[in-house]
Amino acid sequence: PTLLLVAGTIFLREDKPEEALKCTHSATTLEMVSLNAHAYLKMGRVDLAERETRVMAQMEDEDHTLTQLTLAWTNIALGGQKIQEALYIFTELIERYAPTPLLLNGLAVCHMSMCSFAEAEEALQQALGKNSNDVQSLENMCVAMQHLNKPTEVLNRTISTLKTQAPQCDFLLKRTAFESQFNRLCDQYSASS
């Protein structure tokens, strides 16, 4: 199972959730079921991720940390009232284990999903205080800053740090693609005027 879990993890990191599921579909461990849930979330199949969290709860204690983390991310994907449940899970895990960038980012995502961007920024500042180069924290901070209408130079500083740490991250690649498309459309419409 360990080799299959490692292969599935690599496929998931390479944004190939279908390939990851081929490795772990016959999950025999809690970790493999969690990976399945994450693959389903990447594929937009929240219903199947939710099913996997139920399987995890049956395999182990419902309060197992990995089960709680998987449930929290699934609840965020479900949205609505489930985001509040995810917020409680991240808060409880932070109280139990201490704040880590991973847990603080989960907390921040919950806050952003509830349009509480100031609280999200606070959690992200704490995460960046623990690791100023954490890519996920930097990405989420860019989103929070944009919603809080932070000065452009502050946002640009964060983006610059992100470019230094992870120039090929999805956030920057998508941002560059949108900027190119926007500029192309601007040129197209200004030429037709």
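Heads up: the structure comes first, above all this text.
Summarised in this report is the structure supplied together with it.

About the thresholds
- Residues numbered from 1 in each chain as written.
- Predicted model: local features only at pLDDT ≥ 70, side-chain atom pairs only at ≥ 80, totals over all residues.
- Heavy atoms only, no water.
- Helix = DSSP H or I, 4+ residues; strand = E, 2+ residues; numbered from the N terminus.
- Buried < 20%, exposed > 50% of the residue type's maximum accessible area, 1.4 Å probe, protein only.
- Contact = heavy atoms within 4.5 Å.
- Areas by Shrake-Rupley, 256 points an atom, 1.4 Å probe, with all protein chains shown as cover.
- Lys, Arg positive; Asp, Glu negative; His and termini not counted.
- Charge placed at Lys NZ, Arg CZ, Asp CG, Glu CD.
- Axes fitted to C-alpha atoms, helices over the stretch in contact; angles between N-to-C directions.
- Parallel < 35°, antiparallel > 145°, perpendicular 65-115°, else oblique.
- Left-handed = near helix turned anticlockwise from the far one by under 90°.
- Nonpolar A, V, L, I, M, F, W, Y, C, P; charged D, E, K, R; others polar.

### Section: the overall build of the chain
(1) Moving on: Across its full length, the chain holds 11 helices and zero strands.
(2) Moving on: For the chain, the α and β elements follow one another from N to C terminus as α-α-α-α-α-α-α-α-α-α-α.
(3) Moving on: Overall, the C-alpha framework of the chain stretches about 60 × 35 × 30 Å when taken along its three principal axes.
(4) Moving on: Buried residues in the chain amount to 38% of all 193 residues.
(5) Moving on: Considering only contacts in the chain between residues 6 or more positions apart, those separated by 24 or more positions represent 46%.
(6) Moving on: A total of about 11200 Å² of accessible surface is found on the chain, and carbon and sulfur atoms cover 52% of it.
(7) Moving on: Where the 16 positive side-chain charges of the chain centre and where its 24 negative ones centre are 6 Å apart.

### Thoughts on the packing of helix α8 (residues 117–130) against helix α9 (residues 135–147)
(1) Moving on: Contact geometry for α8 and α9: axes closest at 9 Å, N-to-C directions at 150°. In terms of their interaxial angle, α8 and α9 are classed as roughly antiparallel. In terms of crossing hand, the pair formed by α8 and α9 is left-handed. Along the contact surface, α8 presents Phe117, Glu121, Leu124, Gln125, Ala127 and Leu128, while α9 presents Ser137, Leu138, Asn140, Met141, Ala144 and His147.
(2) Moving on: Partitioning the contact of α8 with α9 into residue classes produces seven nonpolar, four polar and one charged.

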